[in-house]
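Fold and geometry: a report
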Amino acid sequence: MSRTLYVRLLDAVPTVLLVLTLVFVALRLLPGDPAMVALGDYATPEQLALFRAQMGLDIPIWQQYFVFLKDMLTLDFGQSLISGQQVTTLIWRNLPFTLELTLAAVLIGILIGIPFGVWAAVKRNRLPDSGMRTFSLLGYAIPDFYLGALLLIAFALNLQWFPINGGGEGFVDRLHHLVLPAVTLATIKIAFLGRLTRTSILEVLSKDYVRTARAKGAGERRVIYRHALRNALLPVTTGIGLSILSTLSGSVAVELVFNRPGLGSMLVTAIAERDYPVIQAGVVIFALSVVVVNLLVDLAYAFIDPRLRGN
């Protein structure tokens, strides 16, 4: 297992460098002079020159690239052009809200979606299976921001069961503020993971070793959870990884709908204010999250299927 971890970490290094390079190139390809865009048309030449010096834009591009890599790898994201605060401080202030929303949505999706998918597969072509397929269709069809707006109107504005906006203070208050945004994102996760689990279980149930287990007299519960679900977990694990990534990207819209603090809200505000250091840091954090989640999924593969540990 340790060898697998070592190999996967080495694999992640070029991926991280490629991601950082793409972020650097993308920001440099933006049209216009960043100094002029940030300071406006009425900035003096001296102010523009000072801005370029502060941002490191007055040195050759290859030097900018290595300075960028060093700053990103040491988590030195610089200062916000609007508030003057350290970007690292802004990230640490907003990151917990995005993480708790992502974890809550994915956890609800796993706890409900996988058992729902197993139940639908076992009861194929019966009422639970039809309910699963209908729910999956609705879950895929409704955009997360639209579902969030509906839940906000129904349960926060009309029934007043939950707060309208904000992230809350203290453990209980934060959980109270988390319910509607987490349910919004979790609904899509349940639809996705339930459908994926149903398909995987149905495929495994047709295998010879499942028929052999039944022929030996194993109980149906043991056949389903010991033999079928365990071997169906590889595609489901891939689905959970994709689900985490889609939740991170979906949190941007949901945070805006519920007016919650978080990395998504921070990034959208920075784009509106053209706060380049914050935009750069936000994009890098989201990109590195993708690398980390893929790494964890690879390790989960090796944990679930021992045959993959040596590859």
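Residues numbered from 1 in each chain as written. Predicted model: local features only at pLDDT ≥ 70, side-chain atom pairs only at ≥ 80, totals over all residues. Heavy atoms only, no water.

Of regular secondary structure, the protein possesses 13 helices and zero strands. Ordered by position from the N terminus, the helices and strands of the protein form the series α-α-α-α-α-α-α-α-α-α-α-α-α. Looking at the protein residue by residue over its 311 residues, the buried ones come to 40%. Long-range pairs, those at least 24 residues apart, make up 72% of the contacts in the protein between residues at least 6 apart in sequence. Here the protein holds 26 positive side-chain charges and 20 negative ones, and the gap between their average locations is 19 Å. (Helix = DSSP H or I, 4+ residues; strand = E, 2+ residues; numbered from the N terminus. Buried < 20%, exposed > 50% of the residue type's maximum accessible area, 1.4 Å probe, protein only. Contact = heavy atoms within 4.5 Å. Lys, Arg positive; Asp, Glu negative; His and termini not counted. Charge placed at Lys NZ, Arg CZ, Asp CG, Glu CD.)

Moving on, we come to the UniProt feature "domain: ABC transmembrane type-1" (unreviewed entry) in the protein. The UniProt record marks residues 95–297 with the feature "domain: ABC transmembrane type-1" (unreviewed entry), using the residue numbering of this structure. Counting secondary structure, residues 95–297 comes out at 84% helix and 0% strand; the distance between its end C-alpha atoms is 21 Å. (UniProt positions renumbered as here; feature names shortened; annotations may be inferred.)

A separate point is the nonpolar core. Counting residues in each nonpolar core, the largest one holds 28 residues, and the members touching the most others are Leu20, Phe68, Phe77, Ile91, Leu263 and Val284. Breaking this core down by element, the ones donating at least two residues are α1 (2–29), α4 (61–73), α5 (87–122), α12 (263–273) and α13 (276–304). Counting residues in each nonpolar core, the second largest holds 18 residues, with Val106, Val118, Ala121 and Ile224 among its members. (Core = buried A, V, L, I, M, F, W, Y, C linked by side-chain atoms within 4.5 Å.)

Time to look at the packing of α5 against helix α8 (residues 171–205). Running from N to C, α5 and α8 point in directions that differ by 35 degrees, and their axes come no closer than 5 Å. Helix-helix and strand crossings are classified by hand; for α5 and α8 the assignment is right-handed. For the contact of α5 with α8, a count of residues per class yields 22 nonpolar, five polar and four charged. (Axes fitted to C-alpha atoms, helices over the stretch in contact; angles between N-to-C directions. Left-handed = near helix turned anticlockwise from the far one by under 90°. Nonpolar A, V, L, I, M, F, W, Y, C, P; charged D, E, K, R; others polar.)

Attention shifts here to the packing of aromatic side chains. Applying the stated criterion to the full structure yields seven aromatic pairs. Residues Phe24 and Phe68 carry aromatic rings whose centres are separated by 5.4 Å and whose planes lie at 45 degrees to one another, so their mutual orientation is tilted. Note that Phe24 is positioned in helix α1 and Phe68 in helix α4, a separation of 44 residues in sequence. The exposure classification of Phe24 matches that of Phe68, with both residues buried. Relative to Trp119, the ring of Phe116 has its centre 6.4 Å away and its plane inclined at 35 degrees; by these criteria the two rings are tilted. (Phe/Tyr/Trp six-rings, centres within 6.5 Å; stacked < 30°, edge-to-face > 60°.)

Within the fold, Thr98 resides in helix α5. A relative accessible area of 1% places Thr98 in the buried class.

With that settled, the discussion passes to a nonpolar patch on the surface. A cluster of nonpolar side chains, namely Val13, Leu17 and Leu73, defines an oily patch on the protein surface of about 260 Å² accessible area. For Leu17, the position within the fold is in helix α1. Accessibility expressed as a relative area gives 36% for Leu17, which makes it partly exposed. (Patch = residues over 30% accessible without salt bridge, like charges linked within 9 Å, V, L, I, M, F, W, Y side chains within 5 Å. Areas by Shrake-Rupley, 256 points an atom, 1.4 Å probe, with all protein chains shown as cover. Salt bridge = Lys/Arg side-chain N within 4 Å of Asp/Glu carboxyl O.)

Now for the environment of Phe286. As for its position among the elements, Phe286 is in helix α13. For Phe286, a relative accessible area of 16% corresponds to the buried category. Along the sequence, Phe286 and Gly194 sit 92 residues apart, while their C-alpha atoms lie 26 Å from each other. Here Phe286 is in contact with Leu248, Val252, Leu263, Gly264 and Leu267, once residues within four sequence places are set aside.

Another aspect to go through is the environment of Ala302. Note that Ala302 resides in helix α13. Residue classification places Ala302 among the buried residues on the basis of a relative accessible area of 1%. Taking the C-alpha atoms as reference points, Ala302 and Leu5, 297 residues apart in sequence, are found 9.2 Å from one another.

Once that is clear, we can look at the UniProt feature "transmembrane region" (unreviewed entry) in the protein. The sites that carry the UniProt feature "transmembrane region" (unreviewed entry) are, in the present numbering, residues 12–30, 101–122, 134–157, 177–197, 232–258 and 278–304. Segment residues 101–122 splits into 100% helix and 0% strand. End C-alpha atoms: 32 Å apart. The straight-line gap between the two end C-alpha atoms of residues 134–157 is 28 Å; of that span, 92% is helix and 0% is strand.

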